[in-house]
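The primary structure of each chain is shown beneath.
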Amino acid sequence: MKITMSIRILTCLALALAPACLSLTPEPAPPTRWLSPMPAPSNPGMNGTGTKTPQPKVLSLRLGAVTASDAITDQLIQRISEVELTYLPNARWVEPPAALVQRMLEDELFQRRGFLLDAGAERRLDIQLIQFEEHLKPRREGRVALIAKLVDGDGKALMHRRFQASLPTGGEDPALIAQALTEGLRTVVQEIGELLSLK
């Protein structure tokens, strides 16, 4: 009789605990957010604000290497301190950020500003993307920085400069972060175009 009673008690306990055990199963991972900014419409001879761009002094230009630092991958980056960053596991760029930089540069220089894309041109522009991340402190903002180096046919540097921009993200949604980074990149690319037109 005691054994039967014990079995009944254990059965009742098992049935009572079953839902709790089932609830311990891990939640499915959230789907990956794929980020791909829409290209801005090209308007030859006009900048992004609709103002006519000046004719460059030297028309021929060769676009050299467009690279990104090793830390910049297809994952969205958040910097949580001066020495530490993390990658958002479920937010990725559709293409490498360096490819986005190259496409924006080609549009800015050869479509909007009228440079002639010339594989044999003496002047060559090399670009390295060194920052493409969201900063959490002191406020949430997207920060973009790249190094632009313009060299002549002898390898002499005509320009070697850092360009950077920061824009508030407006929230933690990956789409908002991507939008801020894209606008920041567009800003620095336009600055490069303006400076090259004067050289």
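Before reading further, recall that the structure is shown in the block above.
The rules behind each value
- Residues numbered from 1 in each chain as written.
- Predicted model: local features only at pLDDT ≥ 70, side-chain atom pairs only at ≥ 80, totals over all residues.
- Heavy atoms only, no water.
- Buried < 20%, exposed > 50% of the residue type's maximum accessible area, 1.4 Å probe, protein only.
- Helix = DSSP H or I, 4+ residues; strand = E, 2+ residues; numbered from the N terminus.
- Pairing = 2+ DSSP bridges.
- Salt bridge = Lys/Arg side-chain N within 4 Å of Asp/Glu carboxyl O.
- Contact = heavy atoms within 4.5 Å.
- Polar contact = N/O pair within 3.5 Å; in protein donor to acceptor, adjacent residues only side chain to side chain.

Visitor: It is not clear to me how the pairing of strand 3 (residues 75-79) should be interpreted in this structure. Could you clarify?
Guide: For a regular strand, side-chain orientation follows a simple rule: the groups alternate between the two sheet faces. Counting buried residues along strand 3, 5 of its 5 residues qualify, which places the element largely inside the surrounding structure. By the bridge criterion, 4 bridges tie strand 3 to strand 4 (residues 85-93) in an arrangement that is antiparallel. When the sheet's bridge partners are listed, glutamine 75 is paired in strand 4 with arginine 92. In this structure, the hairpin formed by strand 3 and strand 4 is closed by a connection of 5 residues. Inspection of the sheet shows strand 3 paired to strand 6 (residues 124-135) by 2 bridges, in the parallel sense. Residue pairing for strand 6: arginine 79 is matched across the bridge by histidine 135.

Visitor: Could you clarify how one ought to interpret the pattern of salt bridges in this entry?
Guide: A side chain of one charge can pair with a side chain of the opposite charge if their charged atoms are brought near each other. Tallying each qualifying case throughout the model produces 13 salt bridges. For arginine 92, the salt bridge identified is with aspartate 74, shortest N-O distance 3.1 Å. With arginine 92 in strand 4 and aspartate 74 in the loop between strand 2 (60-68) and strand 3, this pair connects stretches of sequence that are 18 residues apart. A relative accessible area of 23% means that arginine 92 is categorised as partly exposed. In this structure, the salt-bridge partner of glutamate 95 is arginine 103, at a minimum N-O distance of 2.5 Å. Its relative accessible area of 26% is what places glutamate 95 among the partly exposed residues. For arginine 103, a relative accessible area of 34% corresponds to the partly exposed category.

Visitor: Whenever I open this one, the environment of glutamate 95 confuses me. Can you help?
Guide: Within the element layout of this structure, glutamate 95 appears in the loop between strand 4 and helix 2 (97-112). As a C-alpha pair, glutamate 95 and glutamine 75 span 20 residues in sequence and 10.0 Å in three-dimensional space. In this view, glutamate 95 contacts Leu100 and Arg103; residues no more than four positions away in its chain are not counted. Among the polar contacts made by the side chain of glutamate 95, one reaches the side chain of arginine 103 at a distance of 2.5 Å.

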